[in-house]
There are 2 protein chains.
Amino acid sequence: MDEFALIRRFFDRPVKDDSVRLGIGDDGAVIVPDPGRELISVVDTIVAGVHYPLDLPPFDVGYRAVAINLSDVAAMGGRPRWMTLALSIPQADTGWLSLFAEGLFTAAAEAKVSLVGGDTTRSETTVVSVQMLGDIDPHDVIKRSGAGPGDSIFVTGTPGDAAAGLSLLKSGSDQTGESEYLIGRFVRPRVRLAFASSITRLASAAIDLSDGLYADLQKLLMASKAGAKLELAQLPFSAEILAKFDYDAVINFALAGGDDYELCFTVPRSKDAEIHAVAKQNQVQVTRIGRVVSGDGIECTKDGVPFEYADTGYRHF
Amino acid sequence: MDEFALIRRFFDRPVKDDSVRLGIGDDGAVIVPDPGRELISVVDTIVAGVHYPLDLPPFDVGYRAVAINLSDVAAMGGRPRWMTLALSIPQADTGWLSLFAEGLFTAAAEAKVSLVGGDTTRSETTVVSVQMLGDIDPHDVIKRSGAGPGDSIFVTGTPGDAAAGLSLLKSGSDQTGESEYLIGRFVRPRVRLAFASSITRLASAAIDLSDGLYADLQKLLMASKAGAKLELAQLPFSAEILAKFDYDAVINFALAGGDDYELCFTVPRSKDAEIHAVAKQNQVQVTRIGRVVSGDGIECTKDGVPFEYADTGYRHF
């Protein structure tokens, strides 16, 4: 099959989006931005055998590749709009491609994102790179760099679940009960788009959790030129993770595990109550886990007692 | 080295571009589109050992990865503005990365494109995917689909040179004289940005040559629901390719070779003279090689005699 036929068969679906003046099938797509809004550009790649197990169902590969990009747009407070796909695969396996495309389009449809172009190439390793464009009111952009001393640090959801799920997947655990829930958190991250866009005027900084809470918070703090005090006893854990793992493992999944695609964000202390109200409205669990301080680094306590934590967060190389 | 340090060291250069409100270092970039202009989105990937020889100098890998995307933007008549990079590499080889980045930024600077973000991952195979955004006056977009019967078919430059250069590279030919020129056409495609943006109101359709003149013209014709008559004796060849290869090989490099990143475009017959004038102004060689006809397919003649050509253009799978 040539690339042209492959794209037509699996990826060239009718786009119901007036902003897409020209979609798949030309040298490039032509899109019409909304006047007055700025663009958010993100790109995130997953590699078979590195970021996900080789035997992950192709639907989930497609779904995740989109979700992790949605999560980056969410972390800026933006609205995802358009995406392109650079897909490198060892061969044109029509069964795999068909399920992969289904997962990709499912995640895109949930977030009302249009696939406007792409490139399919042959490579020994499967590499899935999605590039996404969002848009945003210029006053709504949440950066990593806005956190200040005294700000509260919040996290959405129950971090650690995705990494715990991945470890269960890799160990060949049965996929029922708590395991099913945890594995689901890895393969289908629920991206906090609506909530994130509701806190753009409250949050001072935000980042999404892809490399582990510790490493990602560290990035936010470096951008903000600040430090943090974290109280580990405040970390919100799911009943499922606590049922399957001992407490040390749970702490490690949350701090170093990554793949959660939850949000970690900071707000001025005076806005804590508003955050809780917005979270309730959006039915999103949010938990205050510490505060920003001047200086640098992250100081952890557990029930008030200093806790030495050696970060083992995801290292790309 | 973690991804963060790698990006900072090799890719996070100061951006002198007011339209980039937030560049590398956050969850995403924030860019400010010009009012009234539409966006052109393209993505093109090169895989080591598939699209270029494994021992291609890293500078050239970086340069080419950008150039082939510039070429797609040019083929639409657009102005390239911003790009992101999804780079998958087996290890963080600082020597390789440093030269690769040099090539990437050189090509970007030549076209005044800003790198606004990216993603670096580990993969056994080196996969370089560049996503580029351009912008354009809505009335200037050149599609593949606008060619009509009677239109002239033009090509820029001397197609076949890049494929001939690649074959010389692969055969380990000495890299002097004509070989140096031909190899140069493969590793440093000269993208026809200025010329393309000068013919947006003259051309009825355009495509850039990446998979070979025959296959790419075929794509333009399918989009335009038309056929073509090509006179092979009109094909413009470089002195260098004619000095190194026999005529059959030259024809094949041009029709099936790919990698030229020249433009193939159509114009109403009445505009031929204007095209030649604009080409002269831009110091670009353009040659009329045939005409669009109703129907489908490409009918070749050589000095007026029917010529059977079996397309062997690049197949991705």
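Note that the structure is predicted; figures quoted are calculated from it, not measured.

Trainee: Explain the overall build of chain A to me, please; I cannot follow it from the model alone.
Mentor: If you tally the helices and strands in chain A, you get 10 helices and 13 strands. Over its C-alpha trace chain A gives a radius of gyration of 20 Å, about what one expects of a compact globule, namely 20 Å for 317 residues. For chain A, the spread of C-alpha atoms along the three principal axes comes to 60 × 50 × 35 Å. Relative to its 317 residues, chain A shows a buried fraction of 61%. For chain A, restricting intrachain contacts to residue pairs at least 6 apart in sequence, the fraction spanning at least 24 positions comes to 84%.

Trainee: For this particular structure, what's the right way to read the domain arrangement of chain A?
Mentor: Interfaces are often described in size by the accessible area the parts lose on coming together. All names here are of chain A. By the assigned domains, chain A splits into domain 1 (3-140) and domain 2 (152-306). For domain 1 and domain 2, the distance between their C-alpha centres works out to 26 Å. Each side of the interface is counted separately: domain 1 has 22 residues, and domain 2 has 19 residues. In total, about 1700 Å² of surface goes out of reach between domain 1 and domain 2, with carbon and sulfur atoms giving 62% of it.

Trainee: Can you walk me through the relation of the copies chain B and chain A in this structure?
Mentor: These two copies of the chain differ by a rotation about an axis and a displacement along the same axis. It takes a turn of 180° to lay chain B on chain A, together with a shift of 0.0 Å along the axis; the resulting RMSD is 0.0 Å. Taken together, these values place the two copies in the relation of a two-fold axis. Both copies present the same face, since 100% of the interface residues in chain B are matched by interface residues at the equivalent positions in chain A.

Trainee: Which parts of the structure should I look at to understand the interface of chain B and chain A?
Mentor: Taken together, the 66 residues of chain B in the interface contact 66 residues of chain A. Carbon and sulfur atoms supply 58% of the area that chain B and chain A bury against each other, a total of about 5300 Å² over both sides. The three residues of chain B that bury the most area against chain A are B:D27, B:R122 and B:F317, which together make up 16% of that side's buried surface. At the junction of chain B and chain A, the tally comes to six salt bridges. One salt bridge connects A:R144 with B:D27, and the closest N-O pair in it is separated by 3.3 Å.

Trainee: What's the story with the packing of aromatic side chains in this structure? I'm lost.
Mentor: According to the stated counting rule, one finds 16 aromatic pairs over all chains in the structure shown. A centroid spacing of 4.9 Å and a plane angle of 50° characterise the contact between A:Y214 and A:Y309, whose relative ring orientation is tilted. In this pair, A:Y214 sits in helix α7 (residues 213-224) while A:Y309 sits in the segment after β13 (305-306), placing the two residues 95 residues apart along the sequence. Taken together, the ring pairs in this structure connect A:F11, A:W96 and A:F100 into an aromatic cluster. In this structure, B:R188 is placed above the aromatic ring of B:Y63, and the distance from its NZ or CZ to the ring centre is 5.4 Å.

Trainee: Hey, could you run me through the packing of helix α1 (residues 3-10) of chain A against helix α3 (residues 94-110) of chain A in this one?
Mentor: Angle between the axes and distance between the axes: these two values describe a pair of packed helices. All names here are of chain A. The contact between α1 and α3 brings their axes to 10 Å, and the two run at 50°. Considering their axes alone, α1 and α3 lie oblique with respect to each other. You can see that α1 and α3 cross each other, and the crossing is right-handed. Together, L6, R9 and F10 of α1 and T94, L97, S98, A101 and F105 of α3 make up the contact between the two elements. Taken together, the residues of the contact of α1 with α3 sort by class into five nonpolar, two polar and one charged.

Trainee: So what exactly am I meant to see when it comes to α7(A) here?
Mentor: Owing to its 3.6 residues per turn, the α-helix aligns residues three or four sequence positions apart on the same side. Residues and elements named next belong to chain A. An ideal rise of 1.5 Å per residue puts 16 Å on 12 residues; α7 measures up with 16 Å between its terminal C-alpha atoms. Most of α7 sits inside the fold, with nine of its 12 residues counted as buried. Every buried residue belonging to α7 is among L213, Y214, A215, D216, L217, K219, L220, L221 and S224, and all of these are buried. Taken from the residues just after α7, K225 is the one with a positive phi, measuring 50°.

Trainee: Hey, could you run me through the packing of helix α4 (residues 161-170) of chain B against helix α5 (residues 177-187) of chain B in this one?
Mentor: Residues and elements named next belong to chain B. Axis separation between α4 and α5 bottoms out at 7 Å; the angle between their running directions is 110°. On the basis of the axis angle, α4 is roughly perpendicular to α5. Contacts between α4 and α5 pair D161, A162, A164, G165, L166, L168 and L169 from the former with S179, Y181, L182, I183, R185, F186 and V187 from the latter.

Trainee: It is not clear to me how the side chain of A:S152 should be interpreted in this structure. Could you clarify?
Mentor: Residue and element names in this part refer to chain A. Relative to the elements of secondary structure, S152 occurs in strand β7 (residues 152-156). Here the side chain of S152 touches D272 through a polar contact of 2.9 Å, side chain to side chain. Filtering out sequence-adjacent residues up to four positions away, S152 remains in contact with F265, T266, V267, R269, D272, R288, G290 and R291.

Trainee: Explain the sheet that holds strand β2 (residues 29-31) of chain A to me, please; I cannot follow it from the model alone.
Mentor: Adjacent strands of a sheet pair through backbone hydrogen bonds, lying either parallel or antiparallel. Taken together, six strands build an open sheet; the order of strands is β1(A)-β2(A)-β3(B)-β6(B)-β4(B)-β5(B) and the sheet is mixed. One side of each edge strand has no neighbouring strand; the edge strands of this open sheet are β1 (20-22) of chain A together with β5 (114-122) of chain B. Each adjacent strand pair in this sheet contributes to an overall mean axis angle of 25°, direction not counted. As paired elements, strand β4 (residues 79-89) of chain B and strand β6 (residues 127-136) of chain B share nine bridges and run antiparallel to each other. Following the sheet pairing, B:L85 is matched in β6(B) by B:V130. In the packing of helix α2 (residues 58-75) of chain B onto the sheet, the strands contacted are β3 (38-47), β4 and β6 of chain B, and the crossing angle to β3(B) comes to about 145°. The sheet strands contacting helix α3 (residues 94-110) of chain B are β4, β5 and β6 of chain B, and the helix crosses β4(B) at an angle near 165°.

Trainee: What is the right way to look at the nonpolar core in this model?
Mentor: Proteins that are soluble and globular tend to have nonpolar side chains buried together. In terms of nonpolar packing, the biggest core is built from 101 residues, with B:F11, B:L104 and B:F265 touching the most fellow members. Domain assignment of the residues forming this core places at least three in each of domain 1 (3-138) and domain 2 (152-306) of chain B. The residues contacting B:F11, other than those within four sequence positions of it, are B:L6, B:I24, B:L85, B:L87, B:L97, B:F100, B:A101, B:L104, B:F105 and B:L115. If you look at the next biggest cluster of nonpolar residues, it comprises 100 residues, including A:Y52, A:M83, A:L193 and A:I298.

Trainee: Explain the side chain of A:E38 to me, please; I cannot follow it from the model alone.
Mentor: Mapping A:E38 onto the fold places it in strand β3 (residues 38-47). A distance of 2.5 Å separates a polar atom in the side chain of A:E38 from a polar atom in the side chain of B:R21. Apart from the residues within four sequence positions on either side, A:E38 is in contact with A:G134, A:D135, A:I136, A:P138, B:R21, B:V30, B:I31, B:V32 and B:P33.

Trainee: I tried to follow the state of the cysteines on my own but got confused; where do I start?
Mentor: Working definition: the covalent bond between the sulfur atoms of two cysteines is a disulfide. Within this structure, the stated rule accounts for zero disulfides over all chains. Unpaired in this structure, A:C264 has its nearest cysteine sulfur neighbour in A:C300, at a distance of 12 Å.

Trainee: Help me out: how do you make sense of unusual backbone geometry in this one?
Mentor: Negative phi characterises most residues that are not glycine, and trans characterises most peptide bonds. For A:D259, which is not a glycine, the phi torsion comes out positive at approximately 70°. In this structure, A:D259 sits in the loop between α9 (247-256) and β10 (263-267).

Thresholds, definitions, all that
Here the residue index of a chain counts from 1 through its sequence in written order. Chain letters start at A and ligand numbers start at 1, both assigned in the order the entries are written. Residue-level local features of this predicted model are given only where pLDDT is at least 70; pairs of side-chain atoms are given and counted only at 80 or more, and the full residue set underlies all totals for whole chains, interfaces and linings. Excluding hydrogens and water, the side-chain figures rest on all heavy atoms present in the structure. Put simply, DSSP H or I for four residues or longer makes a helix, DSSP E for two residues or longer makes a strand, and each gets a number counted from the N terminus. The size measure is the radius of gyration over C-alpha atoms, and the globule rule it meets is 2.2 Å times the number of residues to the 0.38 power. Here's how the labels work: a residue is buried when its accessible area is under 20% of the maximum for its type, exposed when over 50%, partly exposed in between, all with a 1.4 Å probe on protein chains only. Note on definitions: a residue-residue contact is assigned when non-hydrogen atoms from the two residues lie within 4.5 Å. For each domain, the first and last residues come from an automatic or database assignment. Two parts placed together each lose some accessible area under a 1.4 Å probe, and the buried area is that loss summed for both. Superposing copies: least-squares fit, C-alpha atoms only, residues required to have pLDDT of at least 70 in both. The rule for a salt bridge is simple: a side-chain nitrogen of Lys or Arg has to be within 4 Å of a carboxyl oxygen of Asp or Glu. For Phe, Tyr and Trp, where Trp contributes only its six-membered ring, two rings pair if their centres lie within 6.5 Å, and the inter-plane angle classes them as stacked under 30 degrees, edge-to-face over 60, or tilted in between. Only when the NZ atom of a Lys or the CZ atom of an Arg is both within 6 Å of the ring centre and within 35 degrees of the ring normal do we say a charge sits over the ring. Between the N-to-C directions of two axes lies an angle of 0 to 180 degrees, each axis being a line fitted to C-alpha atoms and, for a helix, fitted only over the stretch in contact. Roughly parallel covers angles under 35 degrees, roughly antiparallel covers those over 145, roughly perpendicular covers 65 to 115, and oblique covers all other angles. Crossing chirality is assigned from the near helix's rotation relative to the far helix, an anticlockwise turn below a right angle marking it left-handed and a clockwise turn marking it right-handed. Charged means Asp, Glu, Lys or Arg here, nonpolar means Ala, Val, Leu, Ile, Met, Phe, Trp, Tyr, Cys or Pro, and polar covers whatever is left, Gly included. Expected span of a helix, by definition, is 1.5 Å for each gap between consecutive residues, and there is one gap fewer than residues. Between N or O atoms, a polar contact is any pair within 3.5 Å; within protein, one atom must be a potential hydrogen donor and the other a potential acceptor, and residues adjacent in sequence are included only when both atoms are from side chains. Only when DSSP finds a minimum of two bridges between them are two strands counted as paired. Only buried residues count toward a nonpolar core, which is a set of Ala, Val, Leu, Ile, Met, Phe, Trp, Tyr and Cys residues joined through side-chain atoms within 4.5 Å. Any two cysteine sulfur atoms within 2.5 Å of one another count as a disulfide.

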